[in-house]
Structure formats: structure tokens, C-alpha cells
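Geometric and topological summary
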Amino acid sequence: MSEQATSEHRRSRAPGGPAAGDSATSMPTYIGMPAFPAAAATALGNAQLRRNLAHATSTIRLKRAGAVAELADWQQLRAAGKAIKDHTLAHLDTYLTRLEARVTDAGGHVHWAQDAAEANEIVASLVRATGADSVVKVKSMTTQETGLNEALAAERITALETDLAELIVQLGHDQPSHILVPAIHRNRTEIRDIFLAEMADVPSGLTDAPVELAAAARTHLRRAFLSAKVGISGANFAIADTGTLVVVESEGNGRMCLTLPDTLISVVGIEKVLPAWRDLEVFLALLPRSSTAERMNPYTSTWTGVRPGDGPREFHLVLLDNGRTSALADTVGRQALRCIRCSACLNVCPVYERVGGHAYGSPYPGPIGAIITPQLRGVTSPIDASLPYASTLCGACYEVCPVAINIPEALVHLRGEVVEAQRSSPLHAERIVMGLAAWVLRSGRRLGLAQRAASASRVLIGRSGRIRRLPPPLNAWTKTRDAPAPPAESFRVWWARTHGGAQ
Amino acid sequence: MRIALFITCLTDTLFPDTGKAITSLLERLGHEVAFPAGQACCGQMHFNSGYRRETVPMVRGFARAFSGFEAIVTPSASCAAMVREYHPAVAAQAGDAGLAREVGEIAPRVHEVSGLLVDVLGLVDVGAYFPYRVAYHPSCHSLRMLRVGDAPVRLLRAVRGLELVDLPGAAECCGFGGTFAIKNAATSAAMCADKVAAVRGTGAQVLCSADNSCLMHVGGTLTRQRADVSTRHLAEILASTP
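Since we're looking at a predicted model, the values are computed, not measured.

1. Some remarks on the overall build of chain B
The helix and strand tally for chain B stands at 13 helices and eight strands. Expected size for 242 residues packed as a compact globule is a radius of gyration near 18 Å; at 18 Å, chain B falls within 12% of this value. By the burial criterion, 63% of the 242 residues in chain B qualify as buried. Sequence separation of at least 24 residues holds for 78% of the intrachain contacts in chain B that already meet a minimum separation of 6.

Below, the structure written as C-alpha cells:
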């Protein structure tokens, strides 16, 4: 992909918007990642990883299909989810200022962060003000996106992940590889080994029985819950009409973090806002069935500002842009902002199933990551420019998306952005080849001449009808696949010979 | 009916037997086949690879070649989907209102083989005979873009002598994806290896699809593995007679 593409290109798409091209600050954790094809090839070589992923994704895929099939009105729900999100995004200014007013009325404090660095600085200064040197965290994609844990560590503040899978990732000095199941790439034996090596209070003789692993994590976390002064969360939804935030979870750790500490700080992307409570009904049906294949998730926590004697005494909402308004300015790409982070698209994606999440070089992996990440970070780095191509455009993701994001359409659109960014480089090999191919392929006469040349080359290939080896870059094909030899005559030559020439 | 054949650049160049099969099948069914010689490529490879500007003249060339035909048939569900779903968008994006109008008229008349036979001509039994065990791979674009549904399977079930076997994971992509097969060759090959294992597990003698691109991909892996399974486009099976 292009090394020459400049951030100017990204900026030109959203005049007046934040400079989303400043990728160095927007998602700091993944700088220097190799492009997707190389990272994917490495992942494919890990047999254990492939077994773990194939087992996990095929299980959840089947369960989701069953949970969705139970609802006769699934397609209407899906259309409603899309419509609510589209309406909200079209009036984002109205709903965000309403949300700010209602949260403030309810005793909360609202902060606006233009990018990741600003959000992290706001959170760090809020934690510093409490005097705490550690925080407990609810699983949050947004704080993964901003690299909050690393930013807090730089301020000597320890952030403890309390979601079981996030805890496994954190203890393993690892990166999450799935939106819902961040440790999907680990099996239980690997998890046991991580606990034994990294968990200070691990019970001796821990086996890899899931019930023992969960009990060890519970004991480890319980102490932190009871002593934490500050909790940090994201939110699945934020309701403008009432200033209510909503977190949907399975384990109950989130409920602990949201209710026990004196101070709660929630970092929320601006696209998470919903107009009213009644809109929530649609998403509480769409989200659990799509993500965990449950009819209803075990814990749904909602809170509105602060209430004396009940829960946190101080509540801060940090509303994060970090490239979202720039994505909103893109008429095709903006549909990615409808995403409710269910991860159904990851679980059905044949590419994700084989390479896992790390190859995507972003906390947002899989098909949705391939359209969100390049919009938030731009297409200037090799990994970001390769993400829109990390798909066969098979359409399985679009089919399961609960808010009908046409991911293939957005991928193709972003490929166009990548190619446009490459046009500034004069000698780009792929562009020259594609330009030449386009010249041939737009004329029946020129295509006919090219076919005659191909047919003439048959003498070089032999009579097997198959080509076993081609020169670069086509050797990428013939490494594992034969290529068909050109026939003695193309269809158009046959037609001219048998049906009396052109019509 | 006079039906124009949009052969597609890939089938024209590498798989002429498919075009011959469509011609003989439609002529056998009493239709007249036309082949506009000015046709070349629908532009899918360029469009899907991000070369939007380069796609515009190809869309223009397609419209010039096929305007005025009542029905257009193509052996590729993928190319049919490109014309139907994206030609109007390309024309609109290029700001060419005349082209957009022309493309808007042509696009709905473009049919993949099974769509033409079942939905337009109302046929299921086309009088074919093919005494082999066949697995059918529904290409992603036939399934999820063009939404041909069970039309190909209904046609195959009506073929005399043909035994249709169930292909596990049939709806999963074979890993071709156009330039994906080159750009992400390792991932593409891993997907194809699983598809080929599924095909070989069925005991089928022939793998059938409505897209030669998928067949070229899966078939290329089958022959590399020296598997005893050949590949046939749907039209070639439907054109077969005793």
C-alpha cells in the first residue's frame, strides 16, 4: 500500500472537522504494525490460534442464528435500529447538547474531548484530583481506542480491567482480539498458565476447569472492587432525553465498578447517544441476540447523574470525537457510526475466523474494524491502508449486522480513498497495471487482441490446460492454486466463426 | 425472446465453453442469442479494488454495448450484481446524468443464468441430462447480492441423471474475492483449503457454481491437489443432453 499518502487527503474530506489524520495520537497502541496481509500470514501459521478461533466463532455463529430466528420481526427490528441511529446521527448536535444539559441537571459533569490524547488527559486529571493511584475498569472499547490504560500508567495510575476476558488480556500483556470476547484467541489451558504466571493471589494447584478459573478471577477482583475509589467505564447507550447512561454486560463486574467507587468516569463516543428511552427497547432486543446469542443479557445498568446515598458521589461523562465527526461527513462511511459493537460480523467473517483480531492492528478488528479504523485513523499507515482490502466482499457481515451496516459497500468506498491517496505517487506499480488493464478492458476490440496474444502463449504453457507457476505478483496465486491456460480461441472468436461475425 | 449475452471478460477469455453452453441452451429453448461485439468488462475488478475513475469508461462501454436489449444474460452472478447494484452508483458519482439514466434502464434487465431461466422465462426443467454426482457452491454474490435464492438448486434437481449432494458450509466464501486472492494470498488459500476439503468430503464428481471466478479458484486448488473432482459452470450442466 501507499507510503506516500499524506494526511492532507484525510483532512480534505472534512473541512473544519478535527484533523483525523493525526493518527499518531488517535490510537497510540498499534503504531508500526505490519500491513494486514503480512500479519494475517503470521497468524495463519499459528495452529493453536486457528483451532481456538474456529471453535469459538462457529459455536457463537450457530447460537446467534438460533437466537435471531426466534424473532419473527427481526428484519423490522433491524430496520428500526438503523432508522433510529440514522436519525440520531443526522441530528447529533441537538441530541448531544440535550444529553449534556440533562446529565448536568442530574448532578454530573460533562467534558468534551476532540481526540484520544485529550480524553486521556481529562480522565487522568480527574483521577489525580481524587488522590487515587488506581482505578477499576468496566470493559470499554472506547478506552481501548484511546489507549487509556497506557496513558494512565504514564501518570503512575494503575488501571485494573475487571471483565474476565479483558483481565486475561491484561495479565497476559496481550492485546484484545475480539470486540466482545477480547481473549477469544486463548483456550482455557493458556488462560490457566497466564493466571499462574501473572496473578499475585492465584490459588495453588489451579486447573483449567472454567469454574476454577472464574473463581480465581472473582477472588482476585473482589478485593479491588471493595477498595476502589474510582471506576471507569464506557457506555453502550446514552439517552439524551433523561441524561441516562446504559451499560449492558454479562458478568456483573460492570455493576460493581459502576456502583461501588465514589467517583465514576465514563468515556463515551459521541455516536452512542439515543434520543429517548423508548429507543432503547429496540437495541436491547438487537444487541444481546447479535452478540452473545442471549434473549436478554444478565446485567443492564442504567444511571442518571448522581443520587445522594446511592452509588458514586461524583460522575463525569467524557464525550469523545476522535475522528467521528470526520466519519460523519462521509456520506458512505458514516454508516459505520451506527455500530453497536455486537461483534456478530466478526463471528461470521471467514477472514476473521482464520486470522483472528490482532492482524487488524486495532481494538476494532474484523469487518467492522476494517471500516471503522481507517475512518478514525486515516489511510496513511501501511496497516490502515491495507484494512479495507482485508475482505473478500462476501457479504456475510452485512447479512448479520443488527443495524444493517453495508460493510462491503463501505469497504469498497474506502478502497477508493486508499487509491485516491496513492495517486500522488507517480510510479505506483499497481496503479500502472490497473490503468493499462482498464484501457484494454473498456474496448471489445482491445480485449479481443489481448485474448489472441494469450491464446498464442499456449505453446509456452504446454498441453495440460493448467499453469502451475506464474511470475510475480501472480505467483501469489500459483503458490497453492493452478491457473487455467488460455483456450485455443476465446468465446468472441468462436462466436464470430460460428455465428457469422459481430452484431 | 432475443437475449443478449454478456459473456464477461473472464469467461470470454478463459472459459469459452460456458458461453457456448448458454448459446446452445437458449437456442434449444427457442430463443435468439445476440452477442454485442463491442462488449468488454463490467468494471468490477477496478471498482472493487478502489479504481473508481477507471471504472467509469467501462460502465459507459457496457451501456453502449447493451442499450436497447430487452433481456441480458450473463454467466456471472458477481458481474450481474456489479451492473445491477453499482453501475447506477458509478454513473451518479461521475456526475453523468445521461449515463445514469441509460444504466438505470439497462441494470434491471441483466440476469444471471438461473435468474433468467427461473424468474424471467418461468422454467425449472430445461431438458438436461447429466449423469454425475454434483455439489453446488452458491457464490457469495449470487447468494447475498443478487439473491438468486434456490433457483440454481431447483434447476439442478430437474436435471435427469444428476445426483445433487449436500455441501457442508456451502454458503461460506471460497476465498477468491478478486484481487483479494493475490493481495491476501495466504488467507485466501486458507479459506479455499477448507472449501476444497468440504467438496472432497461429499464424494462429488463435479463441483458446480454460477460463477467461473469461484470455480477457477476452487478448481485451481482441486487440480493442484490432484483431486478427482472437475468443475462445471451451471450453464454447462444445463446445456448437457443425452
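2. Comments concerning the domain arrangement of chain B
All names here are of chain B. Domain parsing of chain B yields domain 1 (2-120) and domain 2 (133-239). Taking only C-alpha atoms into account, the centre of domain 1 sits 22 Å from that of domain 2. With 26 residues of domain 1 at the interface, the matching set in domain 2 holds 22 residues. Residue assignment for the side of domain 1 that touches domain 2 shows that the elements contributing at least two residues are α1 (9-14), α2 (16-28), α3 (44-49), α5 (77-93) and α7 (113-120). The class makeup of the residues in the side of domain 1 that touches domain 2 is 13 nonpolar, nine polar and four charged.

3. Details of unusual backbone geometry
Residue and element names in this part refer to chain A. Following Pro472, the chain continues to Pro473 via a peptide bond in cis, the omega torsion being 0 degrees. Among the secondary structure elements, Pro473 is positioned in the loop between β11 (466-467) and α25 (475-478). Here Asn322, not a glycine, exhibits a phi torsion of approximately 50 degrees, which is positive. Note on placement: Asn322 falls in the loop between β10 (314-320) and α15 (324-328). Positive phi outside glycine occurs at Arg341, with the angle close to 60 degrees. Considering the arrangement of structural elements, one finds Arg341 in the loop between α15 and α16 (344-348).

4. Description of the sheet that holds strand β5 (residues 237-239) of chain A
Sheet strands line up and pair through hydrogen bonds in the backbone, either parallel or antiparallel. All names here are of chain A. The four strands are arranged β8-β5-β6-β9 in an open sheet whose pairing can be described as mixed. The strands lining the two open edges of the sheet, one partner per strand, are β8 (273-274) and β9 (299-304). Bridge count for strand β6 (residues 244-249) against β9 is six bridges, and the pairing is antiparallel. Within β9, the position partnered with Val247 by the bridge is Ser301.

5. Brief notes about the confidence of the model for chain A
Per-residue confidence for chain A gives a mean pLDDT of 92, with 92% of residues at or over 70. A low-confidence stretch, residues 1-25 of chain A (pLDDT under 50), is modelled with 64 contacts involving residues beyond four sequence positions or located in other chains.

6. Things to note about helix α6 (residues 97-106) of chain B
Residues and elements named next belong to chain B. Every buried residue of α6 is accounted for by Leu99, Ala100, Glu102, Val103 and Ile106. In an axial view of α6, the angular spread of the buried residues amounts to 165 degrees, which keeps them on one side of the axis. Pointing more than 90 degrees away from the buried face of α6 are the exposed residues Ala97 and Gly98. In this fold, the buried residues of α6 make contact with α4 (52-66), α5 and β4 (110-112).

7. A word on the sheet that holds strand β2 (residues 32-34) of chain B
All names here are of chain B. Read across the sheet, four strands follow the order β2-β1-β3-β4 without closing on themselves; strand pairing throughout is parallel. Looking at which strands have only one partner, the edges of the open sheet turn out to be β2 and β4. Each strand of the sheet is rotated relative to its neighbour by a mean of 35 degrees, with strand direction disregarded. For strand β1 (residues 2-5) and strand β3 (residues 71-74), the ladder comprises three bridges, and the chain directions are parallel. Looking at β3, one finds that Ile3 is bridged to Ala71. With respect to the sheet, α2 is in contact with β1, β2 and β3, its orientation differing from that of β1 by roughly 175 degrees. Most of the contacts of α7 go to β4, to which it runs at about 100 degrees, and overall it touches β3 and β4.

8. What to know about helix α14 (residues 277-291) of chain A
All names here are of chain A. For α14, spanning 15 residues, the distance from its first C-alpha to its last is 21 Å, which sits close to the expected 21 Å at 1.5 Å a residue. Of all bends in α14, the biggest is about 30 degrees, found at Phe283. Taking burial as the measure, the 15 residues of α14 include 11 buried ones, the bulk of the element. Of the surrounding secondary structure, the elements contacted by the buried residues of α14 are α4 (47-69), α5 (74-90), β5, β6, β8 and α16. Residue Ala293 follows α14 closely and has a positive phi angle near 60 degrees.

9. Some details on the interface of chain B and chain A
Tallying the contact residues gives 53 residues for chain B and 52 residues for chain A. Here the side of chain B that touches chain A is composed, by residue class, of 27 nonpolar, 18 polar and eight charged.

10. Structural notes on the pairing of strand β4 (residues 230-233) of chain A
Residues and elements named next belong to chain A. What you see with β4 is no split at all: Val230 and Ile232 on one side and Gly231 and Ser233 on the other are buried throughout. As paired elements, strand β2 (residues 134-137) and β4 share two bridges and run parallel to each other. Looking at β4, one finds that Val136 is bridged to Gly231. Inspection of the sheet shows β4 paired to strand β7 (residues 263-269) by four bridges, in the parallel sense.

11. Structural notes on the domain arrangement of chain A
Residue and element names in this part refer to chain A. Looking at chain A, the domain boundaries give domain 1 (7-58 + 325-422), domain 2 (71-322) and domain 3 (429-498). Its C-alpha centre places domain 1 at a distance of 22 Å from the equivalent point of domain 2. Taken together, the contact pairs 32 residues of domain 1 with 36 residues of domain 2. When residues of the side of domain 1 that touches domain 2 are assigned to their parent elements, the largest contribution, four residues, is made by α4. In terms of residue class, the side of domain 1 that touches domain 2 is built from 19 nonpolar, nine polar and four charged.

12. Some remarks on the environment of B:Leu29
All names here are of chain B. Among the structural elements, Leu29 can be located in the loop between α2 and β2. What makes Leu29 partly exposed here is the crowd of 15 C-beta atoms within 10 Å. For the pair Leu29 and Glu54, spaced 25 residues apart in sequence, the C-alpha separation works out to 38 Å.

13. A few points about the nonpolar core
With 220 residues, the main nonpolar core has A:Val318, A:Cys345 and A:Ile407 as its most contacted residues. Ranked by residue count, the leading element in this core is α5(B), at nine residues. The contacts of A:Ile407, once residues within four sequence positions are left out, are A:Cys345, A:Pro367, A:Ile368, A:Ile371, A:Cys397, A:Tyr398 and A:Cys401.

14. Quick word on the confidence of the model for chain B
Per-residue confidence for chain B gives a mean pLDDT of 97; residues scoring 70 or more make up 100%. Across the interface, the model reports ipTM at 0.97; the global pTM reads 0.93.

About the thresholds
Residues numbered from 1 in each chain as written. Chains lettered and ligands numbered in written order. Predicted model: local features only at pLDDT ≥ 70, side-chain atom pairs only at ≥ 80, totals over all residues. Helix = DSSP H or I, 4+ residues; strand = E, 2+ residues; numbered from the N terminus. Rg over C-alpha atoms; globule rule 2.2 N^0.38 Å. Buried ≥ 20, exposed ≤ 12 C-beta atoms within 10 Å, placed from the backbone. Contact = placed C-beta atoms within 7 Å. Domains from an automatic or database assignment. Nonpolar A, V, L, I, M, F, W, Y, C, P; charged D, E, K, R; others polar. Pairing = 2+ DSSP bridges. pLDDT = per-residue confidence, 0-100. Arc of directions from axis to C-beta. Axes fitted to C-alpha atoms, helices over the stretch in contact; angles between N-to-C directions. Expected span 1.5 Å × (residues − 1). Bend = angle between axes of the 7 residues up to and from the residue. Core = buried A, V, L, I, M, F, W, Y, C linked by C-beta atoms within 7 Å.

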